[in-house]
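A closer look at the structure
Listed here are the chains, written in short residue letters.
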Amino acid sequence: LVIITVVNSLSVKLGSYLQNFLTAAKMIIVTIIIVSGIVLLAQGKTQNFEDPFKDSKISVSSIGLAFYNGLWAYDGWNQLNYITEELQNPYRNLPLSIIIGIPLVTVCYVLINVSYFTIMTSTELLQSQAVAVTFGDRVLYPASWIVPLFVAFSTIGSANGNCFTAGRLVYVAGREGHMLKLLSYISVKRLTPAPAIIFYGAIAIIYIIPGDIDTLINYFSFAVWIFYGLTVLALIVMRFTRKELKRPIRIPIIIPVIVTLISILLVLAPIISAPEWAYLYCVLFILSGLIVYVLFVHFKFNWPQKISGKYTSNSQL
């Protein structure tokens, strides 16, 4: 995370070149796994597909948590929206990237999982610490060492993409006055939003210290789907209240309606079926941000402005 933060703080081009390299590496290992799975299927290894849902437990909470993990894997769908200002011809390239990218990722993910199940039962897959590495040990030996290497490339690529895009979200929040103004500054020499990227990197490091990956995914997904739902709901509301605004990208209103309903289901299902105090803490943490926003951004009290003004000037220097 430190290396990724430094790279994206130093150069936009260096960050994008790194992303291109890591994405190419990811596609290489994806292709190797998919082709290996197709070969195994052609050889008749289909026994794990005969009763795929045996011993499955179906409940609202389990389905909700399953969607949390599944939708986490697809979470890159919203990343390009954060860097619209830096895209060339965004009104064409943004929809085109989403239309091409999401089906491509879907096909790759489904075929990879089919490949995994050709040599692993569902129990073995759940018990594996790293499914792709287990697959490589069983199928690609003695060249299995390439799998963990390329899995690492894939993981770093995901983190780099998040740093590149979400750092811009922090930068805009600072520019709009929703966070410290310091975070809206751009490096004069390197033309990167370095303070925002460093802040984002520091927050990411803090988050990974106490929790395991499953806990992080569940609580991140719970929080983020609250905001996805509110964002899409705002789109529906403004379709009727702000009709005069120019809309260079339009979609049928049924799509945001469906997304809003799904968001409500994903947020409420785990709370109703398997309530935990952690969900309440998550909501209180979010609401604490609302208190700060109302006092310091909406009403713009003078005394915090004076304090933050001096802090911002000194930090800028």
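Residues numbered from 1 in each chain as written. Predicted model: local features only at pLDDT ≥ 70, side-chain atom pairs only at ≥ 80, totals over all residues. Heavy atoms only, no water.

- Going by the annotation in an unreviewed UniProt entry, the name recorded for the protein is b(0,+)-type amino acid transporter 1, with Podargus strigoides given as the source organism.
- Heading Subcellular location (unreviewed entry) of the UniProt record for the protein holds this comment: "Apical cell membrane".
- UniProt, in the comment section headed Sequence similarities (unreviewed entry), describes the protein in these words: "Belongs to the amino acid-polyamine-organocation (APC) superfamily." (UniProt positions renumbered as here; feature names shortened; annotations may be inferred.)

**Some words on the overall build of the protein**
- Of the regular secondary structure elements, the protein holds twelve helices and zero strands.
- Dimensions along the principal axes, computed over C-alpha positions, put the protein at roughly 70 × 45 × 40 Å.
- Classification of the 317 residues of the protein by burial places 29% in the buried group.
- Here the analysis covers contacts within the protein between residues at least 6 apart in sequence; of these, 70% occur between residues at least 24 apart. (Helix = DSSP H or I, 4+ residues; strand = E, 2+ residues; numbered from the N terminus. Buried < 20%, exposed > 50% of the residue type's maximum accessible area, 1.4 Å probe, protein only. Contact = heavy atoms within 4.5 Å.)

**Observations regarding the packing of helix H1 (residues 2–10) against helix H7 (residues 146–175)**
- Closest axis-to-axis distance for the H1/H7 pair is 10 Å, and the angle between their directions is 45°. It follows that H1 is oblique to H7 by the angle criterion. Where H1 crosses over H7, the handedness of that crossing is right-handed. Between H1 and H7, the contacting residues are Ile4, Thr5 and Asn8 on the first element and Ile156, Ala159, Asn160, Cys163 and Phe164 on the second. (Axes fitted to C-alpha atoms, helices over the stretch in contact; angles between N-to-C directions. Parallel < 35°, antiparallel > 145°, perpendicular 65-115°, else oblique. Left-handed = near helix turned anticlockwise from the far one by under 90°.)

**A closer look at the packing of helix H2 (residues 12–42) against helix H6 (residues 131–139)**
- Close contact between H2 and H6 brings their axes to 12 Å; oriented N to C, the two are set at 55°. When the interaxial angle is binned, H2 and H6 end up oblique. Seen along the crossing, H2 lies across H6 with a hand that is left-handed. The residues of H6 that touch H2, namely those facing Ile33, Ser36, Gly37 and Leu40, are Ala132, Phe135 and Val139.
- Split into classes, the residues belonging to the contact of H2 with H6 amount to five nonpolar, two polar and no charged. (Nonpolar A, V, L, I, M, F, W, Y, C, P; charged D, E, K, R; others polar.)

**Observations concerning the nonpolar core**
- Formed by 18 residues in total, the largest nonpolar core has its most connected members in Ile33, Ile112, Tyr116, Phe135 and Val147.
- Elements with a contribution of two residues or more to this core: H2, helix H4 (90–119), H6 and H7.
- If you tally residues by element for this core, the top one is H2, at six residues.
- Apart from the residues lying within four places of it in its own chain, the contact partners of Tyr116 are Ile33, Leu125, Val131, Ala132 and Phe135. (Core = buried A, V, L, I, M, F, W, Y, C linked by side-chain atoms within 4.5 Å.)

**Thoughts on the packing of aromatic side chains**
- Tallied over the entire structure, the rule returns seven aromatic pairs.
- Ring centres of Phe150 and Phe153 lie 5.6 Å apart, and the angle between their planes is 85°; on these two criteria the pair is classed as edge-to-face. Taken together, the residues span about one helical turn, with Phe150 and Phe153 both in helix H7 at a distance of three residues.
- Look at Phe150 and you get buried, because its relative accessible area is 16%.
- Among the aromatic side chains, those forming a connected cluster through ring pairs are Phe21, Phe150 and Phe153.
- Stacked on the ring of Phe164, the Lys or Arg Arg168 has its end atom at 4.3 Å from the ring centre. (Phe/Tyr/Trp six-rings, centres within 6.5 Å; stacked < 30°, edge-to-face > 60°. Lys NZ or Arg CZ within 6 Å of the ring centre and 35° of its normal.)

**Brief notes about the confidence of the model for the protein**
- Looking at the protein, pLDDT values average 85 and 99% of them are 70 or higher.
- By mean pLDDT, the top-scoring element of the protein is H1 (93), and the lowest-scoring one is helix H12 (residues 302–316) (73). (pLDDT = per-residue confidence, 0-100.)

**Looking at the domain arrangement of the protein**
- You can read the domains of the protein as domain 1 (1–49 + 85–209) and domain 2 (213–316).
- With centres defined by C-alpha atoms, the gap from domain 1 to domain 2 works out at 24 Å.
- If you look at the interface, domain 1 gives twelve residues, while domain 2 gives eleven residues.
- For the pairing of domain 1 and domain 2, the buried interface totals around 880 Å² over both sides, and the portion due to carbon and sulfur atoms is 78%.
- There are zero salt bridges connecting domain 1 and domain 2.
- Linking domain 1 to domain 2 there are zero residue pairs in polar contact (both at pLDDT 80 or more).
- Of all the secondary-structure elements, those providing two or more residues to the side of domain 1 that touches domain 2 are H4 and helix H8 (194–208).
- At four residues, H4 tops the list of elements feeding residues into the side of domain 1 that touches domain 2.
- Looking at side-chain class alone, the side of domain 1 that touches domain 2 contains nine nonpolar, two polar and one charged residues. (Domains from an automatic or database assignment. Buried area = accessible area lost by both parts, 1.4 Å probe. Salt bridge = Lys/Arg side-chain N within 4 Å of Asp/Glu carboxyl O. Polar contact = N/O pair within 3.5 Å; in protein donor to acceptor, adjacent residues only side chain to side chain.)

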